[in-house]
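Observations on the three-dimensional arrangement
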Amino acid sequence: MRGGDGILGVRSSARSPEANSPRIRTQLLRRREKWLVILGVALHAIYMLSIFDIYFKTPIVHGMEPVTPRFSAPAKRLVLLVADGLRADKFFEPDSNGSYRAPFLRSVIKERGRWGVSHARPPTESRPGHVSIIAGFYEDPSAVTKGWKANPVEFDSVFNRSRHTFAFGSPDIIPIFCGALEHSTWNSYPHEYEDFATDASFLDEWSLDQFKGLLNRSKEDVKLKQLLQQDNLVVFLHLLGCDSNGHAHRPYSTIYLNNVRVVDQIAERVYDLVQNYFKDNSTAFVFTADHGMSDKGSHGDGHPSNTDTPLVAWGAGVRPPVRTFENHHHENTVRFVDDHVHDMPTPADWGLNGIERQDVNQADIAPLMSTLVGLPCPVNSVGNLPIEFVNLSKVDEVEAVLANTKQILNQFLRKSQLKQSNLLRFKPFKPLSNYSFVLDQIEHLISMSDYEAAKTLSENLRSLALEGLHYFQTYDWFRLMTVISLGYLGWMVYLMVHVLQEYTSLPRKFFQNDQSVYLQTNTKKIYFSGCLLMGLVCVILLVEHSPPLYHTYFAMTIFLWVRIFREYRFLRALWRYMLGKEINHFAKLLASFIVSVFVLEILVKSFMDRKIYTWIFLIIGVIASVYLLYSMPWGSGLPVFVWLACWFLSIFTLMPAEIPDNTKLVVSSGFMIVIIGVASRYLDMYSRESKFWLSLTHEVQKSKSNIIFLSQVLLVAFSAVMVPLSTNRRTEKQELLVLHQVINWSIAGVSIVLPLFSPTGLLSRLTSIYLGFAPAFLLLSIGYEAVFYGALALALMAWLLFENAYLHISPSSKSSSSTTSTMEDDLISESDERCLQLSDMRIPLAFMVFFNIAFFGTGNFASIASFEISSVYRFITIFNPFLMAALLIFKLLIPFVLVVCTFTAITKMVKVPLLGCYFLVIICSDVMTVHFFFLVRNTGSWMEIGNSISHFGIMSAQVVFVLLLFAVTTLYTKHIQIRSPKLHSQKQM
């Protein structure tokens, strides 16, 4: 029966005479808590989906008409060259002998074109980069639902608006834009060509050859020739060589740098081919890259090496270069999408300080290309036309900027229309309430030939339209975030009310003062009001055509708060009780709250930087040992042990997450584990008569316990011996012997079962559990994580001994024991559990710290891929993904098993209810969950976005994960027995 706090019995007796039966009281509590857990699982599952309705909604809308430009196209055709993975610095800087790698494009910059740096927005990947260049918008956040592999919503592009597009290049890029485009001619090489073992510059040559072959075929194909002579044509050559060579050989390698020269040569040859074929000087050329490349040969994040790419434009409609002074630099603090300041100084070694540089956002290239060929801007584009690149008359400049502004404004008006048509109460974007007046004013200024003022007004209107797009993209954020936050808050309050009612002594005190605390005469009114509110909200959401999940979010939140208001009599009694307390009681409560939140916020920070755990355990080691040193009235080495154990564990989060192979270290760890087990056994055997160790030890049959202990020690030693034997076979490229596999499986299987037959004393059982899981962990270890197992066990032992010491020296524990002994018989449980106290909050907080160090002690639990698959090779060598994943997950779970077993043992030792502590753990984890809810990102690299989602998901799933671990570990901990001081004193008498 649960109810050692004496609370359920009081509440039940107040409600019905039949509920006085201990069996009925236990059944009622179990039933209530079962549904409470089910509610928690459902709530976290539903609220976890909310991030996709908040953060990952597509910004793309349809239904806008393209804006036809009111000026003559300066070019008949456009050639777009994209060098995938080309860094700006590697393109512009000289090599070691002082010569530049791109002599042709440098001559273009100096003699007949414009240049700058194009700033990409993370994620700096190929698909988002090309979409930004060709369609004019950045990564669609809803692409997360497609695993970042594709854009989930159809979008417009420069290619769509062209008369015809010719495209050649990678099979990962070309089909995105031309696969469903009827007016296109395209081709891509097979995936097999993308071989990282070779020099990938031949892929660039392949694209050039395809274009050259196209021009050659036109000499015989009359229709093709006629098509090529028309206007509004786009030629796109995707050059993948730099990206492939950067991944395989790094961007500072000779192969990558030579590929830069190849790209420059291809640009020159394409220019010569076009000039010789068309001979009309009506072709515009744009050369750029989708992203850069980090020194490690990767890309994706917002580092300048990934976001800064070259941009060179020349040909028809492009302004010639402008000479500037060497020290020319604008005092402009506007930032690009990659958060870099405008007009950053040009590095001196680029040799281009005398030529004006115009940096752009990557999405600005799409309206630039559209303007050069006289096409409408893509209707989904958010790019600003870089007018400094275009060589137009004053009036045409204004018309080009105005067309770009109207295209973005149309998106804003469409989003506004869609929102207004669904919402009962619509809040418009006020800065654009007079947009039609501004458009009329611009037209008036154009008619008055005041082109500068018209251009400035158009640019201001464009900026406001972009702000309006963001306004409507985040329009529902406040409402949804408020509902979800109130839901989490309601869940935590509801859990806390349950803990206060069932696991503390407060209800008994309230009942003695006021027996109407549990009279629920107004329950029907509360439920009726809740149903009325829920119905009203659902009707409003239906009228607004809200998604079905919106109904679920609101219903869950309203249900929780209805359940809370149902307990308004208890909450009113609690408020009166608090008002009757002295000020020092409030100070303790406030201090406990601040410390708890501070610890949880530190744990949130640790998800981003696991080195924080080093500082946590360094500080805990000092504080705990100092507290014990000045509080224990007898001499003991316990403070030193606690200090050393915490400091030893603090080392591991300084080590790399990628665990290097070290078989000798694993073998040494096996013997260290044996030594720790022997020391614990010695403490258990020879400290039983001491009053201090009374709670930890138990009377046992020495012969049986000795046999089990020796068996476990031998199994740990055998596993340590099998580690090098199995590893040597793998390093020698030999197949693992069947005998070795059988022995390893047998050792792991038998050792896990043995703790079930060990003595039921607290220290005996925990030592047996520690030794029981050690062989399996050793056989699955490849390096320092085997030492981590021993260090974690020592730190958990230090936590156990600290709680044991606190039990003897804490005045609150002694007063609690005396209070419990004077309670009525019907308030004493069979397990002799006491009520939870404010000081007991340290136990769930300590559990959260140890639980998280089990997450991040040897890697990142958020991704199984961060752990070495070679860990399973001592059990299986033939590829079996399911069995390998199961073994790897089992290895990751072993530290959690140790933590949960220790936590359960401590609750038994200090006689607090385990489920009450579990609910406090869930409250703590949900404080972290709410924080991670606001830290979810929809911008940045795919890894940064994915990590923010996984952090939120991990904490949301903890309500289930911890409960499952409790259920599994109950097999090992349910028979743990704690010796009673009263029975021990009677035996001595």
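Note that the structure is predicted; figures quoted are calculated from it, not measured.

Moving on to the overall build of the protein chain. The number of helices and strands found in the protein chain is 35 helices and eight strands. Across the protein chain, the fraction of contacts at a sequence separation of at least 24, relative to all contacts at a separation of at least 6, is 79%. Roughly 42500 Å² of accessible area belongs to the protein chain as shown, and the carbon and sulfur atoms make up 62% of that amount.

This brings us to the nonpolar core. Counting residues in hydrophobic clusters, the biggest one holds 158 residues, and the most contacted among them are Leu649, Phe850 and Phe851. In terms of residue count, helix H29 (residues 785-809) provides more of this core than any other element does, 17 residues in total. What Phe850 contacts, discounting residues up to four positions off in sequence, is Phe617, Leu649, Leu792, Ala795, Leu796, Trp799 and Val899. Core analysis: the second largest hydrophobic core is formed by 53 residues, Trp115, Leu208, Leu257 and Ala267 among them.

Looking now at helix H20 (residues 548-565). Compared with an ideal rise of 1.5 Å per residue, which puts 18 residues at 26 Å, H20 spans 26 Å between its outermost C-alpha atoms and is within 8% of the ideal. The complete set of buried residues in H20 reads Tyr550, His551, Tyr553, Phe554, Met556, Thr557, Ile558, Leu560, Val562, Arg563 and Ile564.

So, about the packing of helix H8 (residues 201-218) against helix H10 (residues 241-249). The geometry of a pair of packed helices is captured by two quantities: the angle between their axes and the separation between those axes. As a packed pair, H8 and H10 sit with axes 7 Å apart at the nearest point and diverge in direction by 170°. When the interaxial angle is binned, H8 and H10 end up roughly antiparallel. Taken together, the residues of H10 that come into contact with H8 (itself represented by Ser201, Leu203 and Asp204) are Gly241, Cys242, Ser244 and Asn245. Of the residues belonging to the contact of H8 with H10, the class tally is two nonpolar, four polar and one charged.

Turning to the packing of aromatic side chains, a few remarks are in order. With the rule as written, the count across this model stands at 64 aromatic pairs. Between Phe802 and Tyr806, the ring centres sit 6.5 Å apart and the planes meet at 20°, which makes this aromatic pair stacked. Placement of both Phe802 and Tyr806 in helix H29 is noted, with a separation of four residues, approximately one turn of the helix. Residue Phe802 is classed as buried on the basis of its relative accessible area of 17%. Plain terms: the ring middles of Phe851 and Phe855 are 5.5 Å apart, the flat faces sit at 70° to each other, and that makes the pair edge-to-face.

Looking now at a nonpolar patch on the surface. On the surface, a nonpolar cluster with roughly 800 Å² of combined accessible area is contributed by Val622, Val626, Leu629, Tyr630, Val640, Trp643, Leu644 and Trp647. Elements that contribute at least two residues to the nonpolar patch include exactly helix H23 (612-631) and helix H24 (638-649). Residue placement: Val626 occurs in helix H23.

Turning our eyes to something else, we now look at the environment of Ala748. Within the secondary structure, Ala748 sits in helix H27 (residues 738-753). Assessed through its relative accessible area of 8%, Ala748 is described here as buried. Taking C-alpha positions, Ala748 is 9.4 Å from Val716, a pair spaced 32 residues apart along the chain. Those residues in contact with Ala748 that sit more than four places away from it in its chain are Ala776 and Phe875.

So, on to helix H22 (residues 583-606). Taking 1.5 Å per residue as the helical rise, H22 with its 24 residues ought to reach 34 Å, and the 35 Å between its terminal C-alpha atoms agrees with that figure. In this structure, the buried residues of H22 make contact with H23, helix H31 (842-856) and helix H33 (914-935).

All right, on to the pattern of salt bridges then. Scanning all chains against the criterion turns up 29 salt bridges. The closest approach of N and O atoms between Lys90 and Glu93, which form a salt bridge, is 3.5 Å. Across the pair, exposure class does not vary: Lys90 and Glu93 are buried alike. Put simply, Glu397 and Arg319 hold a salt bridge, and the shortest N to O gap is 2.4 Å. A residue pair is termed long-range when its members are at least 10 positions apart, and Glu397 in helix H14 (residues 394-422) and Arg319 in the loop between strand E7 (308-315) and strand E8 (360-361) qualify at 78 residues. What makes Glu397 buried here is its relative accessible area of 5%. Among the ionic contacts, a cluster of salt bridges with common partners joins Arg70, Glu399, Lys406 and Glu443.

Along the chain, the position of Asp280 falls in the loop between helix H11 (254-278) and strand E6 (283-288). For the pair Asp280 and Lys76, spaced 204 residues apart in sequence, the C-alpha separation works out to 9.4 Å. Setting aside anything within four residues of it in sequence, one finds Asp280 in contact with Lys76 and Arg77. A polar atom in the side chain of Asp280 sits 2.9 Å from the side chain of Arg77.

Turning to unusual backbone geometry, a few remarks are in order. For the peptide bond that leads from Pro122 to Pro123, omega is 5°, which places it in the cis range. By the element assignment, Pro123 lies in the loop between strand E2 (113-119) and helix H5 (126-135). At Lys279, a residue that is not glycine, the phi angle is positive and equals roughly 55°. Topologically, Lys279 is positioned in the loop between H11 and E6. Positive phi outside glycine occurs at Ser449, with the angle close to 65°. Relative to the elements of secondary structure, Ser449 occurs in the loop between helix H15 (435-447) and helix H16 (451-473).

Here we take up the packing of H29 against helix H32 (residues 881-909). Interhelical geometry of H29 versus H32 gives an angle of 10° and a closest axis separation of 10 Å. With respect to each other, H29 and H32 are oriented roughly parallel. Residues Glu785, Phe788, Tyr789, Leu792, Leu796, Trp799, Leu800, Glu803, Asn804 and Leu807 of H29 pack against Lys891, Ile894, Pro895, Leu898, Val899, Thr902, Phe903, Ile906 and Met909 of H32. Broken down by class, the residue content of the contact of H29 with H32 amounts to 14 nonpolar, two polar and three charged.

Interpreting fine coordinate detail is not advised for predicted regions of low pLDDT. When pLDDT is averaged along the protein chain, the result is 86; 87% of the residues meet or exceed 70. Counting contacts from residues 1-19, a segment whose pLDDT is below 50, to residues more than four positions away or on other chains yields 60 contacts. The low-confidence segment residues 327-333, where pLDDT is below 50, has eight contacts with residues more than four positions distant or belonging to other chains.

Once that is clear, we can look at the pairing of E2. Buried residues dominate E2, accounting for seven of its seven residues. By the bridge criterion, seven bridges tie E2 to E7 in an arrangement that is antiparallel. Within E7, the position partnered with His119 by the bridge is Asp308.

Strand order across the open sheet formed by eight strands is E4-E3-E5-E1-E6-E7-E2-E8, with mixed pairing between neighbours. Pairing within the sheet leaves two strands with one partner each, and these edge strands are strand E4 (184-188) and E8. As paired elements, E2 and E8 share two bridges and run parallel to each other. Each bridged residue has a counterpart across the sheet, and for His119 the counterpart in E8 is Asn361. Across the sheet, H8 is in contact with strand E3 (164-169), E4 and strand E5 (233-239); its angle to E3 comes to roughly 145°.

Tracing the backbone through its elements, the reader meets Gly374 in the loop between helix H13 (365-373) and H14. Sequence-distant contacts of Gly374, that is, excluding residues within four places in its chain, are made with Pro69, Ala73 and Asn232.

For the rest of this paragraph, the subject is the side chain of Arg834. Residue placement: Arg834 occurs in the loop between helix H30 (811-821) and H31. Assessed through its relative accessible area of 7%, Arg834 is described here as buried. Within the local environment of Arg834, its side chain forms a polar contact with the side chain of Asp840, the two groups lying 2.9 Å apart. At a separation of 3.0 Å, a polar atom in the side chain of Arg834 contacts the main-chain carbonyl oxygen of Val910.

How each quantity is defined
- Residues numbered from 1 in each chain as written.
- Predicted model: local features only at pLDDT ≥ 70, side-chain atom pairs only at ≥ 80, totals over all residues.
- Heavy atoms only, no water.
- Helix = DSSP H or I, 4+ residues; strand = E, 2+ residues; numbered from the N terminus.
- Contact = heavy atoms within 4.5 Å.
- Areas by Shrake-Rupley, 256 points an atom, 1.4 Å probe, with all protein chains shown as cover.
- Core = buried A, V, L, I, M, F, W, Y, C linked by side-chain atoms within 4.5 Å.
- Buried < 20%, exposed > 50% of the residue type's maximum accessible area, 1.4 Å probe, protein only.
- Expected span 1.5 Å × (residues − 1).
- Axes fitted to C-alpha atoms, helices over the stretch in contact; angles between N-to-C directions.
- Parallel < 35°, antiparallel > 145°, perpendicular 65-115°, else oblique.
- Nonpolar A, V, L, I, M, F, W, Y, C, P; charged D, E, K, R; others polar.
- Phe/Tyr/Trp six-rings, centres within 6.5 Å; stacked < 30°, edge-to-face > 60°.
- Patch = residues over 30% accessible without salt bridge, like charges linked within 9 Å, V, L, I, M, F, W, Y side chains within 5 Å.
- Salt bridge = Lys/Arg side-chain N within 4 Å of Asp/Glu carboxyl O.
- Polar contact = N/O pair within 3.5 Å; in protein donor to acceptor, adjacent residues only side chain to side chain.
- pLDDT = per-residue confidence, 0-100.
- Pairing = 2+ DSSP bridges.

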